[in-house]
Amino acid sequence: MKHAHALLGAALLGGTALAAAVSFAARPETVAVEIVAGERYLGVNQLARLLGATKYWRADVRQLTLRAGAHAITLTEDNPFVVVDAATEWLATPVISRAGELHVPVALLERLPSDSTLARLYFDERVDRVVVLPSGGVVGSPRLTVSEAGTRIVFPADRPEDALVVSRSRAHFQVRTSGFFSGGLPDSLPPGGLVRRMIERESVVGSAFEFEVDPLAAGYRLVTDRRMRRITLELDRTAGPGLLAFAPEGAPGPRTLRTIVIDPGHGGADAGVVVGELSEKDLTLALARRLQSEIQRRLRAKVVLTRDDDRALSIEERAEAANRARADLVLSLHFDGFAGPATRGASVLVPPATYAAAEGGARPPIAVVPWRDVGTRHAVQSRALAEAIMAALELHDRGPTHLRELLPHGLLGVNAPGLVLECATLTSRADRERLASGGVAALAVAIADGVVAYQRNE
Amino acid sequence: MRTALTVVIVLALVVVTAALFLRRREVHAPAAVLVDSLQAGIRAATLYFAAPDGRELIAEARELAEPGTLHARVDLLVRELDLGPRGNGVAALPAGTALRAVYLDERGLLTLDVSRAFQQGFRGGSTAEYLAVASLVRTVSANVPGVERVLITCGGAPLSTLGGHIALDRPLDVTEWY
C-alpha cells in the first residue's frame, strides 16, 4: 500500500515525462531547461534523475525531498525556500508546479553540495542546458605550440592526473580524460607541426581525443600537472630520455605474407547463428575454403585452415594452430545475428593498441603483456587490415561496415595481426539476399581484395 | 473633506501593508524534513538497451521504487532489462536472465553472478554478444555508485565467453562499454 502510495506520488509529479527513450550519446548527459516568465527552471524528475536521487513526496504539504547518499534537498511548492541538508537556502523565485511536476529555478544548482557523493550539475547558459559533469570536472580548449623539437598540446583540466593514453598508434593516437570537454578544437592546425588531424572521440566518461601523428614524430610524453591543472602531450622529432615509443607499425611498402591462417568460426555442436536453413558454422567453413583458394591464387601465400570439417575447436586449439603455423595474419570468420530490425552489414573486432614495444632509440618502461593479450602487440597492423577489408566490403556493396576495438575472444593468445570478421548479418533479410545472390564466392573475392590491399600497403 | 481624504489614504496604506505582511507570512521556510522512512522512495534509473541498428546503446529512463540493498537494486535493474524497452530500443539481455548474487568490493569491482539463462538463452553473433554485455555493464554502472569494473559470472561459475566472440574471463572496465 505504501509502495502504491509512493507510485501515486510519482505520477502526481509527472513521472511519465521520463518514460520516453532518449538517444544515448557517449558524452555527459545534458537536459534542456524550461523558461517560465523569463526564469529558467528544471523539472524535479530530471533533477532527481541527474542527481541519482530518490524522491519522497508528501502530498499533504506539497513537499518533495530528494535524497542522494547523505544529502537531502527539500522543496515545497510555491515556496522560494529550499532546505539543502541542514541549511535553508532562499531562491529569488519560488519552486513552481507545472503540469503536475515541481520545477526548481536553476539557481538551485549553485547551492547544491559539491562532494563526490553527489553528481555535479552545471548550467550552461550558452545553450540553456544543464550538464552532468563527470568526476573529472571540465577540460578546456587545447593550445598547440610548434617548435623545431616538436609539438606540444596543452589542455586545461580540473583533474589532469586522470589523463591516459589509450591508443599509441600514430594513425589513431588517443588520449582519454575524465573531464567534460567544454571547449573547442582548432579549425586548422599550425603548419610544420607533428599533428596532422585532431578530433574529439566518443567516451563513456569524460572526453577523448584522437590525433593523427606525423610519421616524423619519434616519441611522445604525456605530462599531467596537478598544480597547474593542465595536461600536456609532447610529440618530439627526436627520441630522448623519458619519451615513449608509438605502437610498432612495420616498414612501409609491401608486407610479407608467407602464411595466412583462416579460422572458420564455430563448428561441431556449436552451430553459431542459425536462421532458417543457414547455419553459421557451415557458412564460415564454406567461405574459408573459398577464401583459401582465392588468397593462394592471388598472393601465393600458404593458407592454413584451423578446421576443414565440421568439428568444435577450443579457443586454445585455434590459437595454437595459428601460432604453430607462424601466421603473418589471422582471419577469424563469423556471421552475425541480432534481433535489431535495422541491424545489417559487416562488423570487425580488432585488438586495441594498448601496449607499445620499444622502437628506435627510445627506452620506454618495460611493458609486461600477459600472453592472453599478445594480440595487442599487433594492434596497428590489425587495424590496418580491418580498414582494408572494410573498404573492400563497402566497394563490393557488402556494407555497412562497423569497427570495434576490443580484444576478441577468438584472438586470445594469438601472436599475429588478426581480426574477427562478421562477414554479414544473417538475421537481416537484405544480407541474406545478398549472400544468396553471389554466394560465399563473391564474399571471398571481396575479403581477398582487402587482404591484397593490406599486403600492398599502398 | 481633507480629513476624510487623509483617513482614506491611511486606511489604504494599512490595507496594503497588511496584505503584504500576510502574503509574506504565507511564505515560510520549511523546517528540515524528517523523511517518513516507511514510505518508499522513487528513483529514476537509466537502463541501456540496444539501438535498432545494433551499433550502440540507447538510454531509457524509468522510475523505479528505491530498494534498500545493493542486491535488491541490481536485481530490480536486471528485471527491468529483462522486461525490455518501452521506447524504440531493442532488448539485448538474453531472455530470462536473473540475478543470483552481487558483490561490490572497496576497489569498485562489482561481481555479478547471473542465472544460467544468461548463457543458455543467448542467440546471435558478436553484435548480440557485445550488446548483451554492454547493456548489463552500462546499466549497473550507471545506477550503482562506485562501480568501476564488472566481473560477470554465471550460475556461480566463471564465464569465459557468452557466445565465443567477447572475452569475459577478466573484469570489464565500465568506461569501455558503450
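How each quantity is defined
Sequence order as written defines the numbering, with residues in each chain counted from 1. In the order they appear in the text, chains get letters beginning with A and ligands get numbers beginning with 1. It should be noted that, the model being predicted, local features are given only for residues of pLDDT at least 70 and side-chain atom pairs only at 80 or more, the latter also being counted only at that level, while totals for whole chains, interfaces and linings use all residues. As a rule here, side-chain values come from all non-hydrogen atoms in the structure, and water together with hydrogens is ignored. The helix and strand labels rest on DSSP assignments: H or I over at least four residues marks a helix, E over at least two residues marks a strand, and numbering proceeds from the N terminus. Only protein chains enter the accessibility calculation, which uses a 1.4 Å probe; a residue whose area is less than 20% of its type maximum is buried, one above 50% is exposed, and one in between is partly exposed. When checking whether two residues touch, look at their non-hydrogen atoms; a contact exists if any pair is within 4.5 Å. Shrake-Rupley sampling with a 1.4 Å probe provides the accessible areas, and residues are treated as covered by the protein chains on show and by no other component. The rule for pairing is simple: two strands pair if DSSP sees at least two bridges between them. To obtain an axis, a line is fitted to C-alpha atoms, over the contacting stretch when the element is a helix, and the angle between two such axes runs from 0 to 180 degrees between their N-to-C directions. What pLDDT expresses is the predictor's confidence in each residue, scored from 0 to 100. The salt bridge criterion pairs a side-chain nitrogen of Lys or Arg with a carboxyl oxygen of Asp or Glu, the two atoms within 4 Å. Each angle receives one of four descriptions, namely roughly parallel if under 35 degrees, roughly antiparallel if over 145, roughly perpendicular if within 65 to 115, and oblique otherwise. Crossings are assigned a handedness: left-handed for a near helix turned anticlockwise from the far helix by less than a right angle, right-handed for a clockwise turn. In this classification, Asp, Glu, Lys and Arg are treated as charged, Ala, Val, Leu, Ile, Met, Phe, Trp, Tyr, Cys and Pro as nonpolar, and every other residue, Gly included, as polar.

*Asks:* Where do I start with the overall build of chain A in this structure?
*Replies:* Across its full length, chain A carries 6 helices and 31 strands. Here the C-alpha coordinates of chain A stretch approximately 80 × 65 × 35 Å along the principal axes. Here chain A holds 458 residues, and the buried ones make up 53% of them. Counted over contacts in chain A with a minimum sequence separation of 6, partners at least 24 positions apart contribute 68%. Split by element, the accessible area of chain A, about 20,200 Å² in all, is 51% carbon and sulfur.

*Asks:* Looking at this model, I keep getting lost on the sheet that holds strand S18 (residues 173-177) of chain A. Mind explaining?
*Replies:* For sheets, the rule is that strands pair by backbone hydrogen bonds, running either parallel or antiparallel. All names here are of chain A. On the basis of which strands lie adjacent, the open sheet formed by 4 strands has the order S17-S18-S21-S20 and antiparallel pairing. Two strands close off the open sheet at either side, each with one partner strand: strand S17 (164-167) and strand S20 (195-201). Adjacent strand axes in the sheet meet at a mean angle of 25°, parallel and antiparallel pairs treated alike. Where S20 and strand S21 (residues 207-213) come together, 6 bridges link them in antiparallel fashion. By the bridge assignment, Val195 is partnered in S21 with Val213.

*Asks:* I'm lost on the confidence of the model for chain A in this one. Help?
*Replies:* Close inspection of predicted coordinates is inappropriate in any region flagged by low pLDDT. Looking at chain A as a whole, its pLDDT mean stands at 85, while 91% of the residues score no less than 70. Long-range and interchain partners of residues 356-363 of chain A, a stretch whose pLDDT sits below 50, account for 17 contacts in this model, where long-range means more than four residues apart.

*Asks:* I tried to follow the pattern of salt bridges on my own but got confused; where do I start?
*Replies:* Working definition: two side chains of opposite charge can pair if their charged atoms are close together. Counted by the stated rule, this structure contains 35 salt bridges over all chains. The salt bridge involving Asp310(A) is made with Lys281(A); its shortest N-O contact spans 3.0 Å. Here Asp310(A) is found in the loop between strand S27 (302-305) and helix H4 (315-324), whereas its partner Lys281(A) is found in helix H3 (residues 280-299), with 29 residues between them in sequence. Residue class for Lys281(A) comes out buried when judged on its relative accessible area of 14%. Among the salt bridges present, the one from Glu60(B) reaches Arg62(B), with a minimum N-O distance of 2.6 Å.

*Asks:* Can you walk me through the packing of helix H5 (residues 379-395) of chain A against helix H6 (residues 429-456) of chain A in this structure?
*Replies:* Packed helix pairs are characterised by how far apart their axes lie and by the angle those axes make with each other. All names here are of chain A. The interhelical angle for the contact between H5 and H6, taken along N-to-C directions, is 135°, at an axis separation of 8 Å. In terms of axis orientation, H5 runs oblique to H6. Both H5 and H6 take part in a crossing whose hand is right-handed. Contacts from Gln381, Ala384, Leu385, Ala388, Ile389, Ala392 and Leu393 of H5 reach H6 at Leu443, Ala446, Ile447, Asp449, Gly450, Val451, Ala453 and Tyr454. Class assignment for the residues of the contact of H5 with H6 results in 12 nonpolar, 2 polar and 1 charged.

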